[in-house]
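Structural characterization, general
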Amino acid sequence: MIARTMMIPHSRPAIETADIRAVTEVLQSRRIAQGGVVERFEHGMAAYFGLPGGVAVTSGTAALEVALRALSIGSGDEVLLPSYVCAAPLLAIQRVGAIPRLVDIDLGSFNIDPSAARQALTPKAKAIIVPHLFGLSADLTELEALGVPIIEDCAQTLGATEQGRRVGSIGILTVCSFYATKLLCAGEGGMVLSRDESLLERVRRLREYDETPSLHPGSTNLKMTDLHAAIGLAQLERLDSFLKRRRWLAEEYRATLSGVGLVVPTVPTGHTHTYYRFVIRLPDLASTADGLHDIIGRFEARGVQCRKPVFRSLHRYLKLDGFPFAEEAERTALSIPLFPALTDEDAAQILQALRSEWS
Ligand SMILES: *Cc1c(COP(=O)(O)O)cnc(C)c1O
C-alpha cells in the first residue's frame, strides 16, 4: 500500500517570487489602489490581444455586465449565450434587464453551436456572448456570419487561435477574468478590451463614480487595485511559458488516454487549444445517474481531485428543455488537473490514476 500523500488539487495558481516581489513593491510604494500598475496591466493585456486598449475591473462577471451596458443593452433586448457555461454570463444579462436566449453546444468542442444560435436569433437579439470554453476557441467565423455583435468571453482562453486569428481580438468587446484559478490570475479581477475607444470610454465611466463632469447614471465602483494588477502583470510576463507547459502536459495525457474508450479533447481544423482544462468525456453514464460522482470519488481516493467542469447547465436554472448536448456534457464531462504549477511527479501520479481507472 502506498501511503496517501497530499491530494493533487484540481487547480492551483502558479505563484512565484516574481509575483511576490511585484506585490511587495506596490505595498512599499504606499499607492495601493487603482493607479499606474493597473494602467500598465491594461496596456499589457491590450498588446497581448493586439488591441488598442482595455479597462480593468473587479471581476470577469463585472466585465460582462459593463460590456453589455457599454453596448446599451437593457430591458427588452435579447442576448444569446450557450447553456453550458458558468452562471456569470447569465447573471450579467439578467442584471442589465435583458433577456437571455440560451443556445445548445457542439459536443465535440463544448462551445456554442453556431447553427443552434442561428435558430435562436430574433430581431430583438442585440449581442451574443461567446465563451471560449476550456482553452478552445468557439467557431468565430460561423458566429460572425450571424451578424450580431460578439462579446468574446476569454475568461478560460488566452493565446488560442481560430483560422490564424488570436482569440479575443475578433469580437466588438472582449472580457477576461483574473480569478485565482484562471490562466492568468490576480486573485480576483477582470477586464474589458476593444478596438473601439468610445466603448472603452463608456466602460471607464461605469467603473468610477467620482471626478466626472456630470453624474453618470449606472456608474459605480468596479476599480481594480494596483496590488491585484501587480500580480496580473507579473503573470502576463510568464503567460507564454504557462501555455507551453499546459500544452506539454496535455500531450502527455492525450498519449496515455488515446485508445481507452474515452473521448479526449478534439481540436477542430484551424483552431489551437491552450488547455485551460483537460476535459475528457466518459462513455455515457446516463444509466447510472451517479456515475460521474462515483468516478470523482475513486480519483480522490487515489489522491487526484477531478471536477465537473461546469457545475450546472444554465437551462436547468431557468427550467427549460431542449438542450440535449449541454445535458450530455454535464453527464459525461470530467476535468482532470492540468495547470502549469503541476510538477512532473504530480503529472505521473495523475497518469497512473488514469491508467488504473481505464486500462
Ligand atoms: C470565470 C468565468 C467568468 C467569471 O469571471 P469571475 O472573474 O469569476 O467573475 C465568466 N465567464 C467564464 C467563461 C468564466 O470561466
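Read on for an overview of the structure. (Residues numbered from 1 in each chain as written. Predicted model: local features only at pLDDT ≥ 70, side-chain atom pairs only at ≥ 80, totals over all residues. Heavy atoms only, no water.)

**Observations regarding the site of the ligand**
Surveying the vicinity of the ligand reveals the residues Ser59, Gly60, Thr61, Val85, Cys86, Ala88, Asp153, Ala155, Gln156, Ser177, Lys182 and Gly189. At 2.8 Å, a backbone N or O of Gly60 approaches an oxygen atom of the ligand. Separating an oxygen atom of the ligand from a side-chain N or O atom of Gln156 is a distance of 2.9 Å. Its free accessible area being 380 Å², the ligand has 89% of it covered by the protein chains. (Near = heavy atom within 4 Å. Polar contact = N/O pair within 3.5 Å; in protein donor to acceptor, adjacent residues only side chain to side chain. Areas by Shrake-Rupley, 256 points an atom, 1.4 Å probe, with all protein chains shown as cover.)

**Comments concerning helix α7 (residues 197–207)**
Along α7, the positions that sit buried rather than exposed are Leu199, Leu200, Val203, Leu206 and Arg207. For α7, the angular spread of the buried residues around the axis is 115 degrees, confining them to a single face. Packed against the buried residues of α7 are α2 (36–49), β1 (53–57), α3 (60–70), β8 (173–177) and β9 (190–194). (Buried < 20%, exposed > 50% of the residue type's maximum accessible area, 1.4 Å probe, protein only. Helix = DSSP H or I, 4+ residues; strand = E, 2+ residues; numbered from the N terminus. Arc of directions from axis to C-beta. Contact = heavy atoms within 4.5 Å.)

**What to know about the pairing of strand β5 (residues 150–153)**
Walk down a regular strand and you will see the side chains alternate between the two sheet faces. Burial along β5 is two-sided: Ile150 and Glu152 facing one way and Ile151 and Asp153 facing the other are all buried. In the sheet, strand β4 (residues 125–131) pairs with β5 via 4 bridges, with the strands oriented parallel. The residue of β5 that forms the bridge with Val130 is Glu152. As judged from the 3 bridges shared by β5 and β8, these two strands associate in the parallel manner. Residue pairing in the sheet places Ile151 in a bridge with Leu173 of β8. (Pairing = 2+ DSSP bridges.)

**Points about the side chain of Arg281**
Counting through the fold element by element, Arg281 comes out in strand β10 (residues 278–281). For the buried Arg281, no salt bridge exists, and the shortest N-O distance to an oppositely charged side chain is 4.1 Å, to Glu328. For Arg281, the residues in contact, after removing those within four places along its chain, are Leu107, Phe110, Leu262, Val263, Glu328, Thr332 and Ala333. (Lys, Arg positive; Asp, Glu negative; His and termini not counted. Salt bridge = Lys/Arg side-chain N within 4 Å of Asp/Glu carboxyl O.)

**A short note on the nonpolar core**
Ranked by internal contacts, the top residues of the largest apolar core, which has 44 residues, are Leu68, Val79, Tyr84, Phe110, Ile129 and Ile151. The set of elements that each furnish at least two residues to this core consists of β1, α3, β2 (78–82), α4 (88–95), β4, β8, α7 and α11 (324–332). It is α3 that provides the largest number of residues to this core, a total of 7 residues. Setting aside its immediate chain neighbours within four residues, Phe110 contacts Tyr84, Ile105, Leu133, Phe134, Val279, Arg281, Ala329 and Ala333. (Core = buried A, V, L, I, M, F, W, Y, C linked by side-chain atoms within 4.5 Å.)

**Some words on unusual backbone geometry**
A positive phi angle is found at Phe110, which is not glycine, with a value near 65 degrees. Relative to the helices and strands, Phe110 is located in the loop between β3 (99–103) and α5 (114–120). In this structure Phe110 comes out as buried when scored by relative accessible area, which is 6%. Positive phi values are uncommon outside glycine, yet Lys319 reaches one of about 55 degrees. Overall, the relative accessible area of 73% leaves Lys319 in the exposed class.

**Some words on the pattern of salt bridges**
Enumeration according to the criterion identifies 19 salt bridges in this entry. For Glu144, the salt bridge identified is with Arg165, shortest N-O distance 3.1 Å. One end of the pair, Glu144, is in helix α6 (residues 140–144); the other, Arg165, is in strand β7 (residues 165–166), and 21 residues separate them in sequence. Residue Lys308 pairs with Glu330 through a salt bridge whose shortest N-O separation is 3.7 Å. Placement of Lys308 in the loop between α9 (291–301) and α10 (314–317) and of Glu330 in helix α11 is noted, with a sequence separation of 22 residues between them. Of the residues examined, Glu330 reaches a relative accessible area of 8% and is grouped as buried.

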